[in-house]
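# Chain and residue survey
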Amino acid sequence: MITVTRLFLRRVISDWKYQYQVWKSAVDWIVALYIVIPFSAGFIYYYRSWWRVVPAWLDYIPLNALTAIIVVFAWSGVIRIFVENADQLFLLQRKVWISRIIKYSLGYSIIYNLVVTALLLVILAPFLLLHYGFSLIGVVWLTVFVFILKNGMGLAKQLIELRFKGWSKRILTSVVFLITGVYVSQSVGLLLNRKGLFYLSILALLIVLGRLLYKRVKLRGAFSEDVAREQTAKLRLAKYMLQSAGTYVKKPRFNRKRPLLFRNSNLIFKKRNPVNGLVEMCLKSKLRNDIDIMSYFRMLGASSVAILIFPSDYGWILWFAFSIMITNVVWLFWQEAINDPFVCLFSWSPETKLVAMRKAIFLMALPGQLMLGVVVAIKTHSWLGGLVMVPVTVLIGYYMAKMISLKSKITP
């Protein structure tokens, strides 16, 4: 006889089997032999060396960089609710079953977050103990703090998504993220200098987590949103692998609304030719997509924070590294746009695709590269260098777009 516990365990086991099959489809024995195993062996070797000798490059990485890692890690927390579309035929009629599945799902998510949090802090332990001055008990308390914070952030994001929509949700999410960053920075400082206040901080965070858990358990009328979120979480790894391979991934449908940019569908380029037409289709499809826009600005925000945290001497080096990252992310945008079924209705020659790719990647990456250049100029107070970097950014951005487009041409 099927019970709630058996049903939940069956779904968890099914999810793990599915994720294993996704990994297995990408990591065959050749990949494991030449990439995974050597990388794992190299990581173990360097990790053991970190316990013997502190890496010299840590002298150039401030404690705030560690804080940024914790904030991003905690913000990535996901609370999964193992419900499916078919549940509306049976489980919705049994309120007790749905309630228990939600509770089991919350318990599973909390245990999962505990494991990944402990894994992260084990990796960071040699840096914390040997370089940043943490004690062993301090590392344990930091693990507890990050664990509670990760679960709280996952629940907070979920409740915000259920109550707010559109730009109000995005603005509120950004505000919560900034507040979390300040809170984590202050709490890490208290752990090193004023442990009593840090314990009070953890107590307050634990109370907030308990309140969020209570609200999530008692929440009603969120079945459809829970199903959609669970499908997104389940397919996240598969989607990432498909996008990395340049395969078109169908996006979920939302209610139509007026886009923020290019509302009237005016022409971008006066000169009409196949290259400009393809570039225009790509730009409009991405700039009209709120999810892609927010992903782009989140990437810029995280890059800006990293530039502001690190010493000024590394400003332009970080700018160059993040410019490469932006170009690669924009290349993924291009791959998604060029494989859209509507775009595939038209016949494009390989030369047109190559030129359009270079132009589209350059135009989409350039604003972010210029914005990061402004951040570096503000950080270093080098306004003359900032002015010089404008034409340099254009040239480097064009060269990066050209190189990645040629690489895509060579790679099948």
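Residues numbered from 1 in each chain as written. Predicted model: local features only at pLDDT ≥ 70, side-chain atom pairs only at ≥ 80, totals over all residues. Heavy atoms only, no water.

### A word on the pattern of salt bridges
Taken as a whole and judged by the stated rule, the model has 6 salt bridges. Residue Arg80 pairs with Asp15 through a salt bridge whose shortest N-O separation is 3.0 Å. You can see Arg80 sitting in the loop between α3 (63-75) and α4 (95-130) and its partner Asp15 sitting in helix α1 (residues 4-26), a full 65 residues away along the chain. Overall, the relative accessible area of 6% leaves Asp15 in the buried class. (Salt bridge = Lys/Arg side-chain N within 4 Å of Asp/Glu carboxyl O. Helix = DSSP H or I, 4+ residues; strand = E, 2+ residues; numbered from the N terminus. Buried < 20%, exposed > 50% of the residue type's maximum accessible area, 1.4 Å probe, protein only.)

### Describing the nonpolar core
By size, the foremost hydrophobic cluster in this structure holds 49 residues, and its most contacted members are Leu128, Phe134, Leu142 and Phe145. Every element with two or more residues in this core is listed here: α1, α2 (29-52), α3, α4, α5 (136-163), α6 (166-193), α7 (195-218) and α8 (223-234). When residues in this core are grouped by element, the largest group, 11 residues, is from α5. Residues within four places of Leu142 in sequence aside, it is in contact with Ile70, Leu121, Leu128, Phe134, Val188 and Leu191. Counting residues in each nonpolar core, the second largest holds 39 residues, with Ile309, Phe322, Ile338 and Trp348 among its members. (Core = buried A, V, L, I, M, F, W, Y, C linked by side-chain atoms within 4.5 Å. Contact = heavy atoms within 4.5 Å.)

### Quick word on the packing of aromatic side chains
Scanning the entire structure with this criterion turns up 17 aromatic pairs. Consider the rings of Trp50 and Phe127, whose centres lie 4.8 Å apart with planes at 50°: the pair is tilted. In this pair, Trp50 sits in helix α2 while Phe127 sits in helix α4, placing the two residues 77 residues apart along the sequence. Residue classification places Phe127 among the buried residues on the basis of a relative accessible area of 11%. The structure contains a cluster of three or more aromatic residues connected by ring pairs, namely Phe8, Phe82, Tyr104, Tyr108 and Tyr112. Across the ring face of Phe73, the terminal group of Lys150 is positioned such that the distance to the ring centre comes to 4.0 Å. A cation over an aromatic ring shows up here: Lys234 above the ring of Tyr18, its NZ or CZ 5.2 Å from the ring centre. (Phe/Tyr/Trp six-rings, centres within 6.5 Å; stacked < 30°, edge-to-face > 60°. Lys NZ or Arg CZ within 6 Å of the ring centre and 35° of its normal.)

### Describing the environment of Ile102
Tracing the chain through its elements places Ile102 in helix α4. Measuring from C-alpha to C-alpha, the distance between Ile102 and Val83 comes to 8.3 Å, with 19 residues separating the pair along the chain. Leaving out residues up to four positions away in the same chain, Ile102 has contacts with Ile81 and Arg216.

### Observations regarding a nonpolar patch on the surface
Where nonpolar side chains cluster on the molecular surface, the patch consists of Leu136, Ile137, Val140 and Val144 and spans about 350 Å² of accessible area. By the element assignment, Val140 lies in helix α5. The class of Val140 is partly exposed, set by a relative accessible area of 43%. (Patch = residues over 30% accessible without salt bridge, like charges linked within 9 Å, V, L, I, M, F, W, Y side chains within 5 Å. Areas by Shrake-Rupley, 256 points an atom, 1.4 Å probe, with all protein chains shown as cover.)

### Comments concerning a positive patch on the surface
Residues Lys95, Arg100, Lys103, Lys218 and Arg220 make up a contiguous surface patch of positive charge. It is α4 that contributes the most residues to the positive patch, 3 residues altogether. Inspection of the secondary structure puts Lys103 in helix α4. (Lys, Arg positive; Asp, Glu negative; His and termini not counted. Charge placed at Lys NZ, Arg CZ, Asp CG, Glu CD.)

### Quick look at the confidence of the model for the protein
Scored by pLDDT, the protein comes out at a mean of 80, with 87% of its residues at no less than 70. No element of the protein has a lower mean pLDDT than helix α9 (residues 236-244), which averages 67, and none a higher one than α5, which averages 91. (pLDDT = per-residue confidence, 0-100.)

### Here we look at the side chain of Gln158
Inspection of the secondary structure puts Gln158 in helix α5. The buried category is assigned to Gln158, whose relative accessible area is 3%. Not counting chain neighbours up to four residues away, the residues in contact with Gln158 comprise Ile79, Ile81, Arg216, Asp226 and Arg229.

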